[in-house]
Amino acid sequence: MRYLTFALAKGRLAKKTLALFEQIGITCEEMKDEKTRKLIFVNEELKLKFFLAKATDVPTYVEYGAADIGVVGKDTLLEENRNLYEMMDLGFGKCRMCVCGPEEAKERLKHNELLRVATKYPAIAKDYFYNEKMQTVEIIKLNGSVELAPIVGLAEVIVDIVETGSTLRENGLAVLEEICPLSARMVVNQVSLKMEQKRIRDLIHALCELPRYKNDGKDVTA
Ligand code: PRP
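Residues numbered from 1 in each chain as written. Predicted model: local features only at pLDDT ≥ 70, side-chain atom pairs only at ≥ 80, totals over all residues. Heavy atoms only, no water.

### A short note on the overall build of the protein
Reasoning step 1: Of the regular secondary structure elements, the protein holds 10 helices and 11 strands.
Reasoning step 2: Each of the 222 residues in the protein was classed as buried or not, and the buried ones make up 46%.
Reasoning step 3: Long-range pairs, those at least 24 residues apart, make up 67% of the contacts in the protein with a sequence separation of at least 6.
Reasoning step 4: Counting only carbon and sulfur atoms, one obtains 50% of the accessible surface of the protein, whose full area is about 12,000 Å².
Reasoning step 5: Taking the average location of the 33 positive side-chain charges in the protein and that of its 34 negative ones, the two points are 3 Å from each other. (Helix = DSSP H or I, 4+ residues; strand = E, 2+ residues; numbered from the N terminus. Buried < 20%, exposed > 50% of the residue type's maximum accessible area, 1.4 Å probe, protein only. Contact = heavy atoms within 4.5 Å. Areas by Shrake-Rupley, 256 points an atom, 1.4 Å probe, with all protein chains shown as cover. Lys, Arg positive; Asp, Glu negative; His and termini not counted. Charge placed at Lys NZ, Arg CZ, Asp CG, Glu CD.)

Right under this line is the structure:
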């Protein structure tokens, strides 16, 4: 039996994913050691390998088959637009992709004015403004702390993730428009799904049997 390899987005999503996998008997003890500098973790008994990657790289590892399975946020999937199968909404990491800014910008958004939009997600912003809203905007790519942009005058609005809303509130900004809901997704390499169909289906079926997914867990392999 060959190894099935998982790429997990570093941070909170990875922790939640491992906790979830434990519930179906998939464990990886060496991954729990927070001090380790190891990059690959192995469960020899189940022939599984796990690695942690930067969220934006997870779809790349999965598309190229370096990982069979990935767990990453829908925001990253939309932005990266890779060729892979999105198999399951894991339901955690829930947040929203929104257009945010000072309240005053709401009118300007409505009146289709030429605005500057700062974002870590230029593809999502482009798709929303150009294809959905048919609105011409200038998109400025940033790499973090995007809320700064309207405060210091770099852009009128931002496209960013809103979870609790506290970053916005503490900086005098608000949600002006909602683009889409987000959460963690399980994705699978297209060839792996054919070659390792049984193991991958069994994994998804086991997850869908958990009480948290019993009613709404979708298994698109069925
Ligand atoms: C994300 C996002 C917002 C914040 C939203 O940033 O870009 O800034 O979290 O969360 P909240 O609604 O609960 O306040 P992240 O912490 O990932 O860092 P970044 O700003 O450097 O991208």
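So much for the structure itself; the text now carries on.
### Topic: a positive patch on the surface
Reasoning step 1: Side chains of Lys10, Arg37, Lys54, Lys120 and Lys141 sit close together on the surface and give a patch of like positive charge.
Reasoning step 2: Summarising the element assignment, Lys10 is placed in the loop between β1 (4-9) and α1 (12-22).
Reasoning step 3: Classification of Lys10 as exposed rests on a relative accessible area of 55%. (Patch = residues over 30% accessible without salt bridge, like charges linked within 9 Å, V, L, I, M, F, W, Y side chains within 5 Å. Salt bridge = Lys/Arg side-chain N within 4 Å of Asp/Glu carboxyl O.)

### Examining the state of the cysteines
Reasoning step 1: Per the counting criterion, the structure on display carries 0 disulfides.
Reasoning step 2: For the unlinked cysteine Cys98, the closest cysteine sulfur is that of Cys100, found at 5.1 Å. (Disulfide = S-S within 2.5 Å.)

### Quick look at a nonpolar patch on the surface
Reasoning step 1: Taken together, the side chains of Leu148, Ile151, Val152 and Leu154 make up a nonpolar region of the molecular surface, amounting to roughly 360 Å² of accessible area.
Reasoning step 2: Checked against the element boundaries, Leu148 lands in helix α6 (residues 148-152).

### Things to note about the layout of surface pockets
Reasoning step 1: The space that makes up the largest pocket amounts to roughly 800 Å³.
Reasoning step 2: If you trace the largest pocket, you find 30 residues lining it, with Ala55, Asp75, Thr76, Tyr121 and Ile161 closest to the centre.
Reasoning step 3: Among the elements of the structure, α1, β4 (69-73) and α3 (74-80) are those that each provide at least two residues to the lining of the largest pocket.
Reasoning step 4: Per element, the largest residue contribution to the lining of the largest pocket is 5 residues, and it comes from α3.
Reasoning step 5: Residues that form the lining of the largest pocket fall into these classes: 11 nonpolar, 7 polar and 12 charged.
Reasoning step 6: Taken as a whole, the second largest pocket encloses approximately 530 Å³ of empty space.
Reasoning step 7: In this structure, the second largest pocket is lined by 17 residues; those nearest its centre are Lys15, Met31, Asp33, Glu34 and Leu52. (1 Å grid on protein atoms, 1.4 Å probe; cavity = no way out; pocket = protein on both sides within 12 Å on 5 of 7 lines; lining within 4 Å. Points joined across faces, edges and corners; volume = space filled by probe spheres on them. Nonpolar A, V, L, I, M, F, W, Y, C, P; charged D, E, K, R; others polar.)

### A word on empty space enclosed by the protein
Reasoning step 1: Applying the stated rule across the entire model yields 1 cavity of 30 Å³ or more.
Reasoning step 2: In this structure, the largest cavity occupies an estimated 30 Å³ of space.
Reasoning step 3: Taken together, Leu18, Phe21, Glu22, Ile26, Thr27, Cys28 and Phe50 make up the full set of residues lining the largest cavity.
Reasoning step 4: Looking at the lining of the largest cavity element by element, the count peaks at 3 residues for α1.
Reasoning step 5: Residue composition of the lining of the largest cavity, grouped by class: 5 nonpolar, 1 polar and 1 charged.

### A look at the site of the ligand
Reasoning step 1: Lys120, Gly144, Ser145, Glu147, Asp160, Ile161, Val162, Glu163, Thr164, Gly165, Ser166 and Thr167 make up every residue found near the ligand.
Reasoning step 2: Contact between the ligand and Ser145: an oxygen atom at 3.0 Å from a main-chain N or O atom of the residue.
Reasoning step 3: Thr164 is positioned with one of its side-chain polar atoms (N or O) 2.5 Å from an oxygen atom of the ligand.
Reasoning step 4: Within the complex, 66% of the 500 Å² of free accessible area of the ligand lies under protein.
Reasoning step 5: Elements supplying a minimum of two residues to the shell around the ligand: β9 (157-162) and α7 (166-170). (Near = heavy atom within 4 Å. Polar contact = N/O pair within 3.5 Å; in protein donor to acceptor, adjacent residues only side chain to side chain.)

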